[in-house]
Amino acid sequence: MQIRPMTEMDLDGVVRVEAVCFSDAWNRKNFEDSLKEPTAHLLVAVDDVSDEIIGYCCLYQALDEGEIVNVAIGPEYRQRGYGAAMVRALMTLGKSLGAESFFLEVRAGNTAGKRLYESLGFKTCGIRKGFYSNPREDAVLMAWQEEAFCQ
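Residues numbered from 1 in each chain as written. Predicted model: local features only at pLDDT ≥ 70, side-chain atom pairs only at ≥ 80, totals over all residues. Heavy atoms only, no water.

## Some points on the overall build of the chain
Of regular secondary structure, the chain possesses four helices and seven strands. Start at the N end of the chain and walk to the C end: the helices and strands fall as β-α-α-β-β-β-α-β-α-β-β. What you see for the chain is a C-alpha radius of gyration of 15 Å, in line with the 15 Å of a compact globule of 151 residues. Referenced to the eigenvectors of the C-alpha coordinate spread, the extents of the chain come out at roughly 45 × 35 × 30 Å. For the chain, the residues scored as buried account for 41% of the 151 residues in total. (Helix = DSSP H or I, 4+ residues; strand = E, 2+ residues; numbered from the N terminus. Rg over C-alpha atoms; globule rule 2.2 N^0.38 Å. Buried < 20%, exposed > 50% of the residue type's maximum accessible area, 1.4 Å probe, protein only.)

## Some points on the environment of cysteine 57
Of note, cysteine 57 is situated in strand β3 (residues 53-62). Sequence separation between cysteine 57 and leucine 116 is 59 residues; the distance between their C-alpha atoms is 14 Å. Leaving out residues up to four positions away in the same chain, cysteine 57 has contacts with His41, Leu42, Leu43, Asn70, Val71, Met86 and Leu90. (Contact = heavy atoms within 4.5 Å.)

## Observations concerning the environment of leucine 104
By the secondary structure assignment, leucine 104 is in strand β5 (residues 101-107). For the pair leucine 104 and isoleucine 127, spaced 23 residues apart in sequence, the C-alpha separation works out to 11 Å. Residues in contact with leucine 104, not counting those within four places in the same chain, are Ile68, Tyr117, Phe122, Val140, Leu141 and Met142.

## What to know about the packing of helix α1 (residues 11-21) against helix α2 (residues 28-36)
Running from N to C, α1 and α2 point in directions that differ by 125°, and their axes come no closer than 10 Å. Here α1 lies oblique to α2, going by the angle between them. Once α1 is placed against α2, the crossing between them reads as right-handed. Counting all contacts with α1, which are made through Leu11, Asp12, Val14, Val15 and Glu18, the residues of α2 involved are Arg28, Phe31, Glu32 and Leu35. Its residues assigned to classes, the contact of α1 with α2 shows five nonpolar, no polar and four charged. (Axes fitted to C-alpha atoms, helices over the stretch in contact; angles between N-to-C directions. Parallel < 35°, antiparallel > 145°, perpendicular 65-115°, else oblique. Left-handed = near helix turned anticlockwise from the far one by under 90°. Nonpolar A, V, L, I, M, F, W, Y, C, P; charged D, E, K, R; others polar.)

## Quick look at the state of the cysteines
Applying the stated rule across the entire model yields zero disulfides. Cysteine 58 provides the cysteine sulfur closest to cysteine 21, a residue in no disulfide bond, and the two sulfurs are 12 Å apart. Cysteine cysteine 58 is unpaired, with the sulfur of cysteine 57 as its nearest cysteine sulfur at 6.8 Å. (Disulfide = S-S within 2.5 Å.)

## Section: the pattern of salt bridges
Pairs may arise between side chains of opposite charge once their charged atoms sit close together. Across all of its chains, the model carries eight salt bridges by this definition. Across the salt bridge formed by aspartate 24 and arginine 107, the nearest N and O atoms sit 4.0 Å from each other. Of the two residues, aspartate 24 sits in the loop between α1 and α2 while arginine 107 sits in strand β5, which places them 83 residues apart along the sequence. The class for arginine 107 is buried, based on a relative accessible area of 17%. Among the ionic contacts, a cluster of salt bridges with common partners joins Asp12, Arg28 and Glu32. (Salt bridge = Lys/Arg side-chain N within 4 Å of Asp/Glu carboxyl O.)

## Notes on the nonpolar core
Core analysis: the largest hydrophobic core is formed by 26 residues, its most contacted members being Ile68, Phe102, Tyr117 and Phe122. Of all the secondary structure elements, the ones that give two or more residues to this core are β2 (40-46), β3, β4 (65-73), α3 (82-96), β5, α4 (111-119) and β7 (137-145). At six residues, α3 tops the list of elements feeding residues into this core. Phenylalanine 122 has contacts with Ile68, Met91, Phe102, Leu104, Tyr117, Met142, Ala143 and Trp144, leaving out every residue within four places of it along the chain. Judged by nonpolar contacts, the second largest core, of 13 residues, contains Leu42, Ile53, Cys58 and Ala72. (Core = buried A, V, L, I, M, F, W, Y, C linked by side-chain atoms within 4.5 Å.)

Following this line, the structure appears as structure tokens:
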């Protein structure tokens, strides 16, 4: 697997992964707009053999804070460490651009996602009631910083 910056040429594959991963999926225009946004940093994971997009992740950065807004791996590629590798690459990129802390929301019922983020040092900071729709679900707010500030 190779992780690299997302380009407009990747969008068909990214939208395919998005559609199978999320019930409230972003559309192509959402990704096009993010690619044009100077504070947005988007990465894709590409299969070395097929050159197929197998996942992607997105970071919005403001000053020293990064908000991870999307992390997706196609179902057939899960449980291989690709999600962790993408998030680590995204955080490394964010740190190189000045981020000192990272935040994200994850569905309360997404046990695998919460485990992934905890393995990378994220801590639970709170709950956002009814944050997600389709289906309606709470979000767990998680944060990462060199000195953990969420207890």
